[in-house]
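Here's the letter readout for the chains.
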Amino acid sequence: MKNTFCIIILSLCCLAFSYSQNNSRPQTSRPNIIIIMADDLGYSDLGCYGGEVETPNIDFLAREGVRFKQFYNTSRCCPSRAALLTGQYNHMAGIGEMTTATDQPGYQGHLTDNSVTLAEVLKDAGYQTAMVGKWHVSNTIVQNDPKEQLKWLNHQTTYPLFSPIDQYPTRRGFEKYFGTIWGVVDFFDPFSLVNGEQAVENVPEDYYHTDALNDTAVAYIESFSNEEPFFMYLAHNAPHWPLQAVPEDIAKYEDTYKVGWQAIREQRYQRMVKLGLIDPETEPLSDRMLPEEKWDENPNKEWDAHAMAVHAAMIDRMDQGIGRIINKLKERGILDNTVIFFLSDNGASPENAMRYGPGFDRPSETRTGETIHYPVDKAILPGPQTTFTSIGPNWANVANTPWREAKEQSFEGGVRTPMIAFLPKSMMADRGSINQQHVGHIMDFMNTLVEVAGASYPKTHNGHQISPSTGLSMVDALNGKETKGHEDLFNEHFNAKYARIGNWKLVMRPKADSKWELYNLDTDATETKNLALVYPEKVKELSKRWKVWAEEHQVFPKP
């Protein structure tokens, strides 16, 4: 078998065989740690957060763990990954926007030398480390000739590196790595696929990326020694566009979304209320992003319903593989000594992938020369490899129920994420609970894992001064203690920004003529009543706080 991916899986399984034969070997008292992050998953997409998508395995983690209601990301993929990996606000880690290299400290487009990753910290503490999936925190190497770039994207020519080699995961603490260095992928034949530091040039005919990531994670678990704990970061590309899924998974949801945007959104909201996630008195269903667009008047009902069915199928497939990971942990007898976190990098995406067309990270043809369509007119259904499509703003609004807006924005629909923590029985008292009060942030994983692993956050690493972590430990919250979490939080992404001080939130859209909006999240968590004109002094106070934070955290490029 020539395929590199298959060789990886087979060799890992062979190496791990002796370990899997003897689950009675003594295990370290320190827990294994797995972080699973979905890409562009909406707040309410999961069954345990009110969604209609079948996610029994993630629901199991929630039922045996704790769900967090108020957990924040940074509204976009690479900044969120930077914050998660380093325990810092993303600008301090060098990724204020995307992965384009600049000379500005907060906008270098890669993890900087003043940051240290979870893998580096845990590896120094004796953990085995591995990563599977989407990296997207290094400068992207592109070809200057657009035609040559497309040939590369189409797998019709090869280059050895997708970013500078010193920015690869294996150079930032991960001993094993299989995944994509860039962000957007063809799920049936992904660009920028890497094993360790070697580009994977071929995949099997039946390759599906979500399966490959989950199966690699299973193989890595097999390969880990029982004598030392392991840390694994599984960063899924699903359900980020393009909408590409396996036909049998799509078929499960073929009729689900034919009732339309508003009906599904209201159904999700009612389930969230029933689950105890939402208080209708203080968290009414926010207005739709595009209220003027009515499902009954939609000329593209069939296409739009099918698009959301593919989105659901991509989540379903991810969950199936997470079930295989859980089963492998059970098989090895280590599930009850493993901490598992699940979350999303930002809210669901309102982007129109069709209007982008080929270029940069989007192919024009398959490897074999078939045209890849970007059907702006919605004349070709989503799902197969030969289409690059997305769910658009109306379904993204549904996926982010009940919150306002979506990915890239600093409103709650862009920055709130579902977050589930599954812990060993010795670490957790109240299984199946929902933590309503703790305000967490994606940068909190560093302080949390340092405490869980008995590690130390360094002041220097590899000869470089390391900026202090700005995250908080979640350990007390995980143990069921009453904690408030962050008293203040801030965000900026392409000039979309917010300041949350206590339950007051100041937020602004990225448009040049936008003004600050003010919301009291204690009485209006879904941001339906702008109080900026009622409390102008509060606006002034919070805007000053935001400016101080911005100056301290390299938020704007310096001239």
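A quick note: this is a predicted structure, and the numbers were derived from the prediction, not measured. (Residues numbered from 1 in each chain as written. Predicted model: local features only at pLDDT ≥ 70, side-chain atom pairs only at ≥ 80, totals over all residues. Heavy atoms only, no water.)

Draft legend 1. Layout of the sheet that holds strand β16 (residues 517–520). On the basis of which strands lie adjacent, the open sheet formed by four strands has the order β13-β14-β15-β16 and antiparallel pairing. Taken across any chain shown, the strands that pair with only one partner, and hence form the sheet edges, are β13 (488–493) and β16. Along the sheet, successive strands turn relative to each other by an average axial angle of 10°, direction set aside. Each of β13, β14 (496–501), β15 (504–508) and β16 touches helix α14 (residues 536–552); the most contacted strand, β13, lies at about 70° to it. (Pairing = 2+ DSSP bridges. Helix = DSSP H or I, 4+ residues; strand = E, 2+ residues; numbered from the N terminus. Axes fitted to C-alpha atoms, helices over the stretch in contact; angles between N-to-C directions. Contact = heavy atoms within 4.5 Å.)

Draft legend 2. A look at the side chain of Thr112. With respect to the element layout, Thr112 can be found in the loop between α3 (77–86) and α4 (118–124). Discounting chain neighbours no more than four positions away, the residues touching Thr112 are Met92, Ala93, Gly94 and Arg172.

Draft legend 3. Expanded view of the sheet that holds strand β9 (residues 419–422). Strand order in the open sheet made by the ten strands is β6-β5-β4-β3-β7-β1-β8-β9-β2-β10, with mixed pairing throughout. The two strands at the open ends of the sheet, each matched to only one other strand, are β6 (198–199) and β10 (433–441). By the bridge criterion, seven bridges tie strand β1 (residues 32–38) to strand β8 (residues 338–344) in an arrangement that is parallel. Of the residues in β8, the one forming a bridge with Ile35 is Phe341. Packed onto the sheet, α3 meets β1, β7 (230–235) and β8 and runs at close to 175° relative to β7.

Draft legend 4. Main features of helix α5 (residues 146–153). For α5, the set of buried residues is Glu148, Gln149, Trp152 and Leu153. End-on, the buried residues of α5 take up no more than an arc of 140°, which puts them together on one face. By the N-cap criterion, in which a side-chain oxygen at the helix start approaches the backbone nitrogen of a residue two or three places on, α5 is capped by Asp145, the distance to Lys147 being 3.0 Å. Phi turns positive, to about 65°, at His155, one or two residues after α5. (Buried < 20%, exposed > 50% of the residue type's maximum accessible area, 1.4 Å probe, protein only. Arc of directions from axis to C-beta. Polar contact = N/O pair within 3.5 Å; in protein donor to acceptor, adjacent residues only side chain to side chain.)

Draft legend 5. Region of interest: empty space enclosed by the protein. Tallying each qualifying case throughout the model produces three cavities of 30 Å³ or more. If you add up the space inside the largest cavity, you get close to 80 Å³. Around the largest cavity, the lining comprises 16 residues; the ones closest to its centre are Leu153, His155, Asp186, Asp189 and Pro363. Here the residues of the lining of the largest cavity sort into seven nonpolar, four polar and five charged. When its volume is computed, the second largest cavity comes out at roughly 70 Å³. What lines the second largest cavity is simply Asp40, Pro239, His240, Trp241, Leu243, His311, Ala348, Ser349, Ser390 and Ile391. Considered class by class, the residues forming the lining of the second largest cavity number five nonpolar, four polar and one charged. (1 Å grid on protein atoms, 1.4 Å probe; cavity = no way out; pocket = protein on both sides within 12 Å on 5 of 7 lines; lining within 4 Å. Points joined across faces, edges and corners; volume = space filled by probe spheres on them. Nonpolar A, V, L, I, M, F, W, Y, C, P; charged D, E, K, R; others polar.)

Draft legend 6. Fine view of the nonpolar core. Grouped together as the largest cluster of nonpolar side chains are 86 residues, with contacts concentrated most on Ile35, Leu84, Phe231, Tyr233, Phe341 and Phe445. Residues contacting Phe341, with those up to four places away along its chain left out, are Ile34, Ile35, Ile36, Met419, Ile420, Ala421, Phe445, Thr448, Leu449, Met474 and Leu478. Core analysis: the next-biggest nonpolar cluster, separate from the first, contains 79 residues, Ala38, Met272, Ala312 and Ile325 among them. (Core = buried A, V, L, I, M, F, W, Y, C linked by side-chain atoms within 4.5 Å.)

Draft legend 7. Broad picture of the environment of Val203. Take Val203: it is sitting in the loop between β6 and α6 (209–223). Of the residues examined, Val203 reaches a relative accessible area of 17% and is grouped as buried.

Draft legend 8. How the structure looks around the packing of helix α2 (residues 56–63) against helix α9 (residues 301–331). Running from N to C, α2 and α9 point in directions that differ by 55°, and their axes come no closer than 7 Å. Considering their axes alone, α2 and α9 lie oblique with respect to each other. Note on element contacts: α9 touches α2 through Asp319, Gln320, Ile322, Gly323, Ile326 and Lys330, opposite Pro56, Asn57, Ile58, Phe60 and Leu61. Looking at the contact of α2 with α9, its residues break down into six nonpolar, three polar and two charged. (Parallel < 35°, antiparallel > 145°, perpendicular 65-115°, else oblique.)

Draft legend 9. A look at helix α8 (residues 261–275). If you check α8, its first and last C-alpha atoms are 21 Å apart, about what 15 residues at 1.5 Å a residue would give, namely 21 Å. Among the residues making up α8, those that are buried are Trp261, Ile264, Arg265, Arg268, Tyr269 and Met272. Looking straight down α8, one finds that the buried residues subtend no more than 140° of arc, so they occupy a single side. Each element contacted by the buried residues of α8 is listed here: α9 and α10 (392–399). Once α8 ends, the next one or two residues include Gly276, with phi positive near 90°. (Expected span 1.5 Å × (residues − 1).)

Draft legend 10. Layout of the packing of α6 against α9. Close contact between α6 and α9 brings their axes to 9 Å; oriented N to C, the two are set at 10°. The orientation of α6 relative to α9 falls into the category roughly parallel. Contact with α6, carried on its side by Thr210, Asp211, Asn214, Asp215, Ala217, Val218, Ile221 and Glu222, involves Arg317, Met318, Gly321, Ile322, Arg324, Ile325, Lys328, Leu329 and Glu331 of α9 and no other residues of that element. Its residues assigned to classes, the contact of α6 with α9 comprises seven nonpolar, three polar and seven charged.

Draft legend 11. Structural view of the packing of aromatic side chains. Applying the stated criterion across every chain yields a total of 32 aromatic pairs. Between Phe162 and Phe191, the ring centres sit 5.2 Å apart and the planes meet at 80°, which makes this aromatic pair edge-to-face. Of this pair, Phe162 sits in the loop between α5 and β4 (176–180) while Phe191 sits in the loop between β4 and β5 (193–195); the two residues are 29 residues apart in sequence, bridging distant segments of the chain. For the pair formed by Phe162 and Phe191, the shared burial category is buried. With centroids separated by 6.1 Å and ring planes inclined at 65°, the aromatic side chains of Trp516 and Trp546 adopt a geometry described as edge-to-face. With a gap of 30 residues between them, Trp516 in the loop between β15 and β16 and Trp546 in helix α14 connect regions that are remote in the sequence. (Phe/Tyr/Trp six-rings, centres within 6.5 Å; stacked < 30°, edge-to-face > 60°.)

Draft legend 12. Structural detail: the pairing of β9. In β9, alternate side chains face the same way, and those of Met419 and Ala421 on one face and Ile420 and Phe422 on the other are all buried. For strand β2 (residues 66–72) and β9, the ladder comprises three bridges, and the chain directions are antiparallel. The residue bridging Phe68 from the neighbouring strand is Met419, located in β9. Here β8 runs beside β9; their pairing, made up of four bridges, is antiparallel. Bridging from a neighbouring strand, Phe342 pairs with Ile420 of β9.

Draft legend 13. Examining the pattern of salt bridges more closely. Following the criterion strictly, the structure yields 36 salt bridges and no others. A salt bridge links Asp189 to Arg367; the nearest nitrogen and oxygen atoms lie 2.9 Å apart. Here Arg367 lies in the loop between β8 and α10 and Asp189 lies in the loop between β4 and β5, a separation of 178 residues in the sequence. On the accessibility criterion, Asp189 (7% relative accessible area) is buried. Classification of Arg367 by relative accessible area gives partly exposed; the value is 27%. Taken together, the shared-partner salt bridges in this structure form one network comprising Asp211, Asp215, Asp249, Arg317 and Arg324. (Salt bridge = Lys/Arg side-chain N within 4 Å of Asp/Glu carboxyl O.)

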